[in-house]
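# Secondary and tertiary structure notes
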Amino acid sequence: MPGGGRALLALGLLALGCAARDGSPEGAPPRRTGPAPGPACPRDCGCSQEGVVDCGGIDLKEFPLLLPELTNHLSL
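Residues numbered from 1 in each chain as written. Predicted model: local features only at pLDDT ≥ 70, side-chain atom pairs only at ≥ 80, totals over all residues. Heavy atoms only, no water.

Named according to an unreviewed UniProt entry, the protein chain is Podocan originating from Calypte anna.

Turning our attention to the state of the cysteines. As enumerated under the stated definition, the model contains two disulfides in all. Sulfur-sulfur distance for the disulfide between Cys41 and Cys47 comes to 2.0 Å. Of note, the bridge from Cys41 to Cys47 carries an S-S torsion of about 85 degrees and is right-handed in sense. Disulfide pairing is shown between Cys45 and Cys55; the S-S distance is 2.0 Å. Judged by the torsion about the S-S bond (110 degrees), the Cys45/Cys55 disulfide is right-handed. In this pair, Cys45 is assigned in the loop between helix H1 (3–19) and strand S1 (46–47) and Cys55 in the loop between strand S2 (52–54) and strand S3 (73–75), connecting sequence segments 10 residues apart. Residue classification places Cys45 among the buried residues on the basis of a relative accessible area of 14%. Take the cysteines of the protein chain that form disulfides and number them in order along the sequence; they join up as 1-3, 2-4. (Disulfide = S-S within 2.5 Å. Helix = DSSP H or I, 4+ residues; strand = E, 2+ residues; numbered from the N terminus. Buried < 20%, exposed > 50% of the residue type's maximum accessible area, 1.4 Å probe, protein only.)

Shown next, in the form of structure tokens:
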């Protein structure tokens, strides 16, 4: 096989290998690799990716029960 043919074959094989690295069928959404997400941010509160849930200043009537799993600071 001429040198150009090998390069084209290698490029084709590389493209096939990159099409679905996570094992999902082509065109399907990618599979999640991390843990499932926890509850969403409580209503009217603000949440950050650093684990801060800010429910201050919103006149809560009861303690927010469903907090994101990675909460490390809750401001009331």
